[in-house]
Amino acid sequence: MQIEVLFFGPARDAVGTARTLLEVPDGAAVNRAVELLLVRHPALAPARSSLRYAVNEDFVEAGAPLRAGDRLALLPPVSGG
Amino acid sequence: VIAMPELRAEPLRVAIQPDRIDLEALVREVTDPAAGAVLTFVGTVRDHKNGRRVLRIEYEVYEAMALQELRRIGAELVGRFGARRAVIVHRVGRVDPGESSVAIVLSTPHRAEGFAALRFAIETLKKDVPIWKKENFEDGEVWVQEGS
């Protein structure tokens, strides 16, 4: 199944794009999608441990399951204010 | 006799904007005859960091999610802290030293819950709202990685 992936801040700089489409196994969790992204974008590896994730604009845990068409966002530590 | 519905402004507004923040307009917006206090928190861009001159800051925002998280914070201001009206505005894009990057403005019946509400709002914003700050120095630029 296909999902959409959004990158922000330093993660966007690391991969060089703000958005990509990713093919993942049916029922894959966020963790699995991130592993596949790391193969494609090794520059993400140093940031991985500090990333938070959102699916369709809601924070989720790394073990959360994905559905086709979901919008997964990789969120480095935020620094607003 | 048909009762007229009471006309009342929405108690909450949140915004992500590239434009400068007009604090006086926000104070007017939240001022409410039922409230005895209007409180403001304004975050501004510093012109230095660790002895280096900051030329400007660039804010990147995941807008759909940031607006949702700001509305969640605002709902707490109204529901938990009893704010009569609240506005939260954050800048996106380039912000120069001395300019405001964020403003939280609210009215409450009494001041004590207003101060508590302001602190809750800015601390939660800094922890959970998907906004990223890149500092531009004379010799390069860097994403801010810690709350600051």
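For the structure, check the block above.
To keep things clear, this report deals only with the structure shown in the data block. (Residues numbered from 1 in each chain as written. Chains lettered and ligands numbered in written order. Predicted model: local features only at pLDDT ≥ 70, side-chain atom pairs only at ≥ 80, totals over all residues. Heavy atoms only, no water.)

A tally of regular secondary structure across chain A gives two helices and five strands. Helices and strands in chain A line up, N terminus first, as β-α-β-α-β-β-β. Its C-alpha atoms give chain A principal-axis dimensions of roughly 35 × 25 × 20 Å. Out of the 81 residues in chain A, the part that is buried amounts to 48%. Long-range pairs, those at least 24 residues apart, make up 47% of the contacts in chain A between residues at least 6 apart in sequence. Roughly 3,700 Å² of accessible area belongs to chain A as shown, and the carbon and sulfur atoms make up 53% of that amount. In chain A, which carries 8 positive and 9 negative side-chain charges, the distance between the mean positions of the two groups comes to 3 Å. (Helix = DSSP H or I, 4+ residues; strand = E, 2+ residues; numbered from the N terminus. Buried < 20%, exposed > 50% of the residue type's maximum accessible area, 1.4 Å probe, protein only. Contact = heavy atoms within 4.5 Å. Areas by Shrake-Rupley, 256 points an atom, 1.4 Å probe, with all protein chains shown as cover. Lys, Arg positive; Asp, Glu negative; His and termini not counted. Charge placed at Lys NZ, Arg CZ, Asp CG, Glu CD.)

Glancing now at the pairing of strand S3 (residues 52-55) of chain A. Side-chain positions along a regular strand alternate between the two faces of the sheet. Residues and elements named next belong to chain A. With four bridges joining them, S3 and strand S5 (residues 71-75) adopt antiparallel strand pairing. Bridge pairing in S5 places Val55 opposite Leu72. Bridge analysis of S3 against strand S4 (residues 58-60) gives three bridges, and the strand direction is antiparallel. Its bridge partner being in S4, Val55 is matched across the sheet by Asp58. Between S3 and S4, which pair antiparallel in sequence order, lie two residues; one of them, Asn56, sits at a positive phi of approximately 50°. (Pairing = 2+ DSSP bridges.)

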